Amino acid sequence: MQAKSDRNNGPFHWLEKRLWRSGVQDPTIREILCWQISVIALSLLFGAVLWPFHPAGAWIFWFGFGALLSAWNFFALIKFVPKVISAGWSKSSLFALLLRTNMRLLFTGILLYMVLVWFKGSISAVLLGLAVLLVGMTAGGLKKALKKPVGQATESPRKPHLCFIRFLQPIIEPIPVGMKTGVFATLGDASFRTHRTRK
């Protein structure tokens, strides 16, 4: 009970609650986003205050800007993709996903061009800021894996490819049969013919 109370009164409790209401259901992703938002806020605030007095302030500010861009893209992705999967894959949902992703990447590219060319921002700061989310995701994944009991191990270490198949399974399975056209249909027909020939 004490541990639960401490967790509810933690520094990220309010932020996690807001993320949960926004549709981020996975606790690991919420924790990653909380740390990312904290890094962004501290970097932007500290960098803006220090900028007029020391050149390091500009580097810290642009670092926070890069972290903000990566967090925004990640948050938009994890909000939209689960809705598409729960509603079922269709041509319209795939088109909407591709359109949203490409428009978001285009807007991100325009912002990066403005920062690096017009405002002469630090390239190293922006790149490191963009990479912060990857570091947080890696740390969160390792933390979740280490917390898993030994009895709940999914696959043997001798068969690491099964872990990759299980990771892809929720993405592949929701695709309806009617959408298996083009390359997927060709590969499926070729595999079926080969299987029948072997028999």
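Scroll up a little and you will see the structure.
Notes on the structure follow. Treat the numbers as computed from the prediction; the structure is a model and nothing was measured. (Residues numbered from 1 in each chain as written. Predicted model: local features only at pLDDT ≥ 70, side-chain atom pairs only at ≥ 80, totals over all residues. Heavy atoms only, no water.)

Glancing now at the overall build of the protein. Looking only at helices and strands, the protein has eight helices and zero strands in total. Mapped in sequence order, the helices and strands of the protein form the string α-α-α-α-α-α-α-α. Buried residues in the protein amount to 23% of all 199 residues. Of all intrachain contacts in the protein linking residues separated by at least 6 positions in sequence, the fraction that spans at least 24 positions is 60%. Of the accessible surface of the protein, which amounts to about 14600 Å², a share of 70% is contributed by carbon and sulfur atoms. (Helix = DSSP H or I, 4+ residues; strand = E, 2+ residues; numbered from the N terminus. Buried < 20%, exposed > 50% of the residue type's maximum accessible area, 1.4 Å probe, protein only. Contact = heavy atoms within 4.5 Å. Areas by Shrake-Rupley, 256 points an atom, 1.4 Å probe, with all protein chains shown as cover.)

Attention shifts here to the packing of aromatic side chains. Scanning the entire structure with this criterion turns up seven aromatic pairs. Between Phe-61 and Trp-62, the ring centres sit 5.2 Å apart and the planes meet at 75°, which makes this aromatic pair edge-to-face. Between the aromatic rings of Tyr-113 and Trp-118, the centroid separation amounts to 6.4 Å while the plane-to-plane angle is 70°, which identifies the pairing as edge-to-face. One aromatic cluster in this structure is built from Trp-51, Phe-61, Trp-62 and Phe-65. (Phe/Tyr/Trp six-rings, centres within 6.5 Å; stacked < 30°, edge-to-face > 60°.)

Glancing now at the packing of helix α4 (residues 56–87) against helix α6 (residues 123–147). One can describe the packing of α4 onto α6 by two numbers: an axis separation of 7 Å at closest approach and a directional angle of 45°. On the basis of their axis angle, the class for α4 and α6 is oblique. As for the relative orientation of α4 and α6, their crossing is right-handed in sense. Within the contact between the two elements, α4 uses Trp-59, Trp-62, Phe-63, Gly-66, Ala-67, Leu-69, Ser-70, Ala-71 and Phe-74 and α6 uses Ser-124, Ala-125, Val-126, Leu-128, Gly-129, Leu-130, Val-132, Leu-133 and Met-137. In the contact of α4 with α6, the residues fall into 14 nonpolar, four polar and no charged. (Axes fitted to C-alpha atoms, helices over the stretch in contact; angles between N-to-C directions. Parallel < 35°, antiparallel > 145°, perpendicular 65-115°, else oblique. Left-handed = near helix turned anticlockwise from the far one by under 90°. Nonpolar A, V, L, I, M, F, W, Y, C, P; charged D, E, K, R; others polar.)

Position of Ser-43 relative to the elements: it lies in helix α3 (residues 27–50). A polar contact is formed between the side chain of Ser-43 and the backbone oxygen of Val-39, at a distance of 2.7 Å. (Polar contact = N/O pair within 3.5 Å; in protein donor to acceptor, adjacent residues only side chain to side chain.)

Those residues of helix α2 (residues 13–21) that sit buried are Leu-15, Glu-16 and Leu-19. Around the axis of α2, the buried residues are gathered within 100° of arc, so they sit on the same side. Within α2, the exposed residues directed more than 90 degrees away from the buried face are Trp-14 and Arg-21. Gly-23 occupies a position one or two residues after α2 and carries a positive phi of about 110°. (Arc of directions from axis to C-beta.)

One non-glycine residue, Lys-120, adopts positive backbone phi at about 55°. By the element assignment, Lys-120 lies in the loop between α5 (91–118) and α6. On the accessibility criterion, Lys-120 (65% relative accessible area) is exposed.

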